[in-house]
Protein chains: 2
Amino acid sequence: MFTPSQLIDQIDKHISLLPFDETPAGLYDPIRYVMQLGGKRIRPLLMLMAYNLYQDSVEEILDPAIGLEIYHNFTLLHDDLMDRAGKRRGKDTVHKVWGENTAILSGDAMLILAYRYISRVPADHLKDILDVFTCAALEVCEGQQYDMEFERRQEVSEVEYETMIRLKTAVLLAAGLRIGTLLGGGSRKDADLMYDFGIYTGIGFQLKDDLLDVYGNPEVFGKNIGGDIVCNKKTYLLIKALERSDSFQKESLQHWMNKECDPHIKIEAVTKLYNELHVRQVCEERMDELYQEAVSCLEKVEVSSERKEELRSLVKQLMDREL
Amino acid sequence: MFTPSQLIDQIDKHISLLPFDETPAGLYDPIRYVMQLGGKRIRPLLMLMAYNLYQDSVEEILDPAIGLEIYHNFTLLHDDLMDRAGKRRGKDTVHKVWGENTAILSGDAMLILAYRYISRVPADHLKDILDVFTCAALEVCEGQQYDMEFERRQEVSEVEYETMIRLKTAVLLAAGLRIGTLLGGGSRKDADLMYDFGIYTGIGFQLKDDLLDVYGNPEVFGKNIGGDIVCNKKTYLLIKALERSDSFQKESLQHWMNKECDPHIKIEAVTKLYNELHVRQVCEERMDELYQEAVSCLEKVEVSSERKEELRSLVKQLMDREL
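Everything quoted here is computed from the prediction, not taken from an experiment. (Residues numbered from 1 in each chain as written. Chains lettered and ligands numbered in written order. Predicted model: local features only at pLDDT ≥ 70, side-chain atom pairs only at ≥ 80, totals over all residues. Heavy atoms only, no water.)

A. Here's a closer look at the overall build of chain A. Secondary structure assignment for chain A yields 16 helices and 2 strands. What you see for chain A is a C-alpha radius of gyration of 20 Å, in line with the 20 Å of a compact globule of 323 residues. In terms of principal-axis extent, the alpha carbons of chain A reach across some 60 × 50 × 30 Å. Taking all 323 residues of chain A together, 58% fall into the buried category. Taking as baseline every contact in chain A between residues at least 6 positions apart, the subset at least 24 positions apart corresponds to 73%. Accessible area of chain A: about 13,500 Å², with a carbon and sulfur share of 48%. Across chain A, the mean location of the 39 positive side-chain charges is 2 Å away from that of the 55 negative side-chain charges. (Helix = DSSP H or I, 4+ residues; strand = E, 2+ residues; numbered from the N terminus. Rg over C-alpha atoms; globule rule 2.2 N^0.38 Å. Buried < 20%, exposed > 50% of the residue type's maximum accessible area, 1.4 Å probe, protein only. Contact = heavy atoms within 4.5 Å. Areas by Shrake-Rupley, 256 points an atom, 1.4 Å probe, with all protein chains shown as cover. Lys, Arg positive; Asp, Glu negative; His and termini not counted. Charge placed at Lys NZ, Arg CZ, Asp CG, Glu CD.)

B. Geometry of the interface of chain A and chain B. Between chain A and chain B, the contact holds 37 residues from the first and 37 residues from the second. For the chain A and chain B pair, buried surface summed over both sides reaches about 3,600 Å², with 70% attributable to carbon and sulfur atoms. It is A:Leu105, A:Ile112 and A:Leu138 in chain A that bury the most area against chain B; as a group they hold 18% of the surface buried on that side. Along the contact surface separating chain A from chain B lie 2 salt bridges. At the boundary of chain A with chain B, the tally comes to 10 residue pairs in polar contact (both at pLDDT 80 or more). Of all the secondary-structure elements, those providing two or more residues to the side of chain A that touches chain B are helix H2 (25–35), helix H4 (62–83), helix H6 (100–118) and helix H7 (123–151) of chain A. (Buried area = accessible area lost by both parts, 1.4 Å probe. Salt bridge = Lys/Arg side-chain N within 4 Å of Asp/Glu carboxyl O. Polar contact = N/O pair within 3.5 Å; in protein donor to acceptor, adjacent residues only side chain to side chain.)

C. Here's a closer look at the nonpolar core. Among the nonpolar cores identified, the biggest contains 230 residues, and A:Tyr71, A:Phe133, A:Tyr274, B:Tyr71, B:Phe133 and B:Tyr274 are the most heavily contacted of them. In this structure, B:Tyr71 is in contact with A:Ile112, B:Leu111, B:Ala114, B:Phe133, B:Ala137, B:Val140, B:Cys141 and B:Leu172, ignoring residues within four places of it in sequence. (Core = buried A, V, L, I, M, F, W, Y, C linked by side-chain atoms within 4.5 Å.)

D. Layout of the packing of H6(A) against helix H7 (residues 123–151) of chain B. Running from N to C, H6(A) and H7(B) cross one another at 165 degrees; their axes reach a closest spacing of 9 Å. Between H6(A) and H7(B), the angle falls in the class roughly antiparallel. The handedness of the crossing between H6(A) and H7(B) is left-handed. The residues of H7(B) that touch H6(A), namely those facing A:Asn101, A:Leu105, A:Asp108, A:Ala109, A:Ile112, A:Leu113 and A:Arg116, are B:Thr134, B:Cys135, B:Ala137, B:Leu138, B:Cys141, B:Gln144, B:Gln145 and B:Met148. In terms of residue class, the contact of H6(A) with H7(B) is made up of 9 nonpolar, 4 polar and 2 charged. (Axes fitted to C-alpha atoms, helices over the stretch in contact; angles between N-to-C directions. Parallel < 35°, antiparallel > 145°, perpendicular 65-115°, else oblique. Left-handed = near helix turned anticlockwise from the far one by under 90°. Nonpolar A, V, L, I, M, F, W, Y, C, P; charged D, E, K, R; others polar.)

E. Seen up close, the pattern of salt bridges. This model, assessed by the stated rule, comprises 49 salt bridges over all chains. Between B:Asp29 and B:Arg32 there is a salt bridge, with the nearest N and O atoms lying 3.1 Å from each other. Here B:Asp29 pairs with B:Arg32, and both are found in helix H2 (residues 25–35), just 3 residues apart, close to one helical turn. B:Asp29 gets classed as partly exposed once you look at its relative accessible area, which sits at 29%. A salt bridge links B:Lys272 to B:Glu276; the nearest nitrogen and oxygen atoms lie 3.9 Å apart. Taken together, the residues B:Lys272 and B:Glu276, both in helix H14 (residues 263–276) and 4 residues apart, mark about one turn of the helix. For B:Glu276, a relative accessible area of 41% puts it in the partly exposed group. The network of salt bridges with shared partners includes A:Asp79, A:Asp147, A:Lys168 and A:Lys233.

The structure is reproduced here in structure tokens:
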């Protein structure tokens, strides 16, 4: 069995060998650029780890795993354009470098390339794998649509928020785990369990992201602290804060949300309210619940406990991560 | 065997039954809107006609045929956004009605839905059909990239132009014909011939479009006459005009291309130059060559001549069309 970092090396090597140097360069250069920006490669990693529960080598599924990563990077490319974000992983975004039309078209080509790579599976699995991927890919679009709609709304409930992040983030992790399990030879029941394991992990992963935006170490986090607060993003923390606040605190929160001012002052004021309302603890408790649910799914998978150790510790790391 | 109009009825009926009323409505409403704008449905029609050469019923391949039409409409949606076009088939474009972000995201979802429908083929054909479709879909993106690059260039050669329209328009028609043939049970050789038949037909179809933009009957054409001239689109007519003009005529053409003026005056002046240079005849001769090539491929397909009659007359109609 491989460790996550060994698997990530294989993924990165495979990505560096992708033949994306075709013509027209105006279409393929941005694709190579995006794929080489790096990132944690969590989606292909989880697919390989699921496969690795059943099989010792992972060579055979590097192509579909990379397909999932191409899809994920396609969503980042189009999301950054929709958000007018200027930076991604410290580098200029594609629409900043090449313009909006290139960002649209190169993104479209990436979605097609994702299908090309994901389809490189044994013929007897192809239909199943495609169905799993297509379903998840469509749900990611639905999640992004909800995310954009929530920006224009005053209130979003916890249930609505978790539905949104399940669709936007968790289903793709879960789909990767399901695909890895099916290709590895796991049973349908195992594949369902691994899918659910991915859903709980993915939601927890996103909650952690919400937490890090406020309480992260700026040197490790890689993004500016308080970015979500500045743009009034309806994160788990804000939703819980609004839910738990008395009328005075609620007025204060809404005052800051409607205010245009020095971002540092706003971040400080809202963080102070979050602290008063203990939303950090509330979020950590929810993450712990999700972690327990995730692990309980994993335990039921019919593979020896030792083989599951890497996945168990990875999900712990993802939820504890400072990165 | 069915006539084209019987097949189009089946296609339109199948499209009207698509279950695109899911949530979030903000994602799916624009998709339903685009799919119901109408259009000639040529790509699914050709797929059904190819299948109909070998099989009497076409029910079984309505899903993949509709998949091809969803893909085509996705490209129109994103192309209209990239061109900032306000109208499509007389109606407001999606980005005009719902905004740019919706146009991006609903388009992405359509590309995924296209794969869902195209994948609904017998398991033993799935890999082949996906390869044919993915290859064509990627080439369409390449064609669109060339098209955008050509807009910024002073000169484009005839070969470059035909390559661009082959990628942007012809390969998808050809892919539909290849898929219909393979699913119908035709041989690989027949599938290749039908593909080439589609390439020649598709290029001819685009040249006809270029012609109609200048010489079409505005009441039948549905678009404004001279639109390509106004925006200096490097059509077959312009490329041939530049190629055939003496230094005086070339200067005159370039003068009009660089000029901002009343569109009617520009259209009249450029059309006059086109007439002097006989580019209409040159274009019609090229279309005739393409028609002959197309028909010669069709003749070699190992199906009785009578069964091929509908396709033969359709391609004639497409090239002669006033619409």
